[in-house]
Amino acid sequence: IYNCFLDACVQCGDFERASTHFQEMKHLNVADTVGYNTMLKAHLSLGQSEEARSLVKEMTARGLSANKVTYNELLHAKVLSKDRRGMW
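Notes on the structure in this doc start here. (Residues numbered from 1 in each chain as written. Predicted model: local features only at pLDDT ≥ 70, side-chain atom pairs only at ≥ 80, totals over all residues. Heavy atoms only, no water.)

1. Comments concerning the nonpolar core
At step 1: If you look at the biggest cluster of nonpolar residues, it comprises 15 residues, and the most contacted ones within it are Leu6, Ala18, Phe22, Tyr36, Met39 and Leu55.
At step 2: Among the secondary structure elements, those contributing two or more residues to this core are helix H1 (2-11), helix H2 (15-27), helix H3 (33-45) and helix H4 (49-61).
At step 3: Looking at this core element by element, the count peaks at five residues for H3.
At step 4: In this structure, leucine 6 is in contact with Ala18, His21, Phe22, Met25, Gly35, Thr38 and Met39, ignoring residues within four places of it in sequence. (Core = buried A, V, L, I, M, F, W, Y, C linked by side-chain atoms within 4.5 Å. Buried < 20%, exposed > 50% of the residue type's maximum accessible area, 1.4 Å probe, protein only. Helix = DSSP H or I, 4+ residues; strand = E, 2+ residues; numbered from the N terminus. Contact = heavy atoms within 4.5 Å.)

2. Thoughts on unusual backbone geometry
At step 1: For asparagine 29, which is not glycine, the phi dihedral falls at a positive 60°.
At step 2: The topology assignment puts asparagine 29 in the loop between H2 and H3.
At step 3: By relative accessible area, asparagine 29 is classed as exposed at 64%.

3. Overview of the side chain of histidine 21
At step 1: As for its placement among the helices and strands, histidine 21 is situated in helix H2.
At step 2: With residues near it in sequence (within four places) discarded, histidine 21 still touches Tyr2, Phe5 and Leu6.

4. Some words on the packing of H3 against helix H5 (residues 68-80)
Working note: a packed helix pair is described by the angle between its axes plus the distance between those axes.
At step 1: For the pair H3 and H5, interaxial distance at closest approach is 9 Å and the crossing angle is 5°. With respect to H5, the element H3 is oriented roughly parallel. Seen from H3, the contacting residues are Thr33, Asn37, Leu40, Lys41 and Leu44; seen from H5, they are Val69, Thr70, Glu73, Leu74 and Ala77.
At step 2: Here the contact of H3 with H5 is built from residues that sort into five nonpolar, three polar and two charged. (Axes fitted to C-alpha atoms, helices over the stretch in contact; angles between N-to-C directions. Parallel < 35°, antiparallel > 145°, perpendicular 65-115°, else oblique. Nonpolar A, V, L, I, M, F, W, Y, C, P; charged D, E, K, R; others polar.)

5. Structural notes on a nonpolar patch on the surface
At step 1: A contiguous nonpolar surface patch, about 230 Å² in accessible area, is contributed by Tyr2, Leu28 and Val30.
At step 2: Within the secondary structure, tyrosine 2 sits in helix H1.
At step 3: On the accessibility criterion, tyrosine 2 (35% relative accessible area) is partly exposed. (Patch = residues over 30% accessible without salt bridge, like charges linked within 9 Å, V, L, I, M, F, W, Y side chains within 5 Å. Areas by Shrake-Rupley, 256 points an atom, 1.4 Å probe, with all protein chains shown as cover. Salt bridge = Lys/Arg side-chain N within 4 Å of Asp/Glu carboxyl O.)

6. Details of H3
At step 1: When the terminal C-alpha atoms of H3 are compared, their 18 Å separation across 13 residues agrees well with the 18 Å that a helix rising 1.5 Å per residue should span.
At step 2: For H3, a buried count of 10 out of 13 residues is recorded, marking the element as mostly surrounded by other parts of the structure.
At step 3: Thr33, Gly35, Tyr36, Asn37, Thr38, Met39, Leu40, Ala42, His43 and Leu44 are the residues of H3 that are buried.
At step 4: In this structure, the buried side of H3 is in contact with H1, H2, H4 and H5.
At step 5: Just downstream of H3, glycine 47 is the residue with a positive phi angle, here 75°. (Expected span 1.5 Å × (residues − 1).)

What follows is the structure, given as structure tokens:
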């Protein structure tokens with residue numbers, strides 16, 4: 001349920017509410033890879049690549065592993081920004 005609400009906030013463009021909800025998820029220790037990927041997608045859609053990079057570091061520091069979705073979101077952002085060097 002937490003991830004569904006988080007995704008709904010991101011899909012509706014309510015990044016402030018998504019961020020607040022994600023902080024609550026972390027506080028309750030229910031933030032998982034899916035939640036991190038959802039926030040990663042939100043940051044990347046806003047062009048916030050440094051914040052996205054920090055989020056991946058935080059995720060791994062919490063013992064959560066990046067997955068195919070994580071890497072796909074990062075690669076997709078590089079493609080959209082036409083960062084050919086970053087794609088490789």
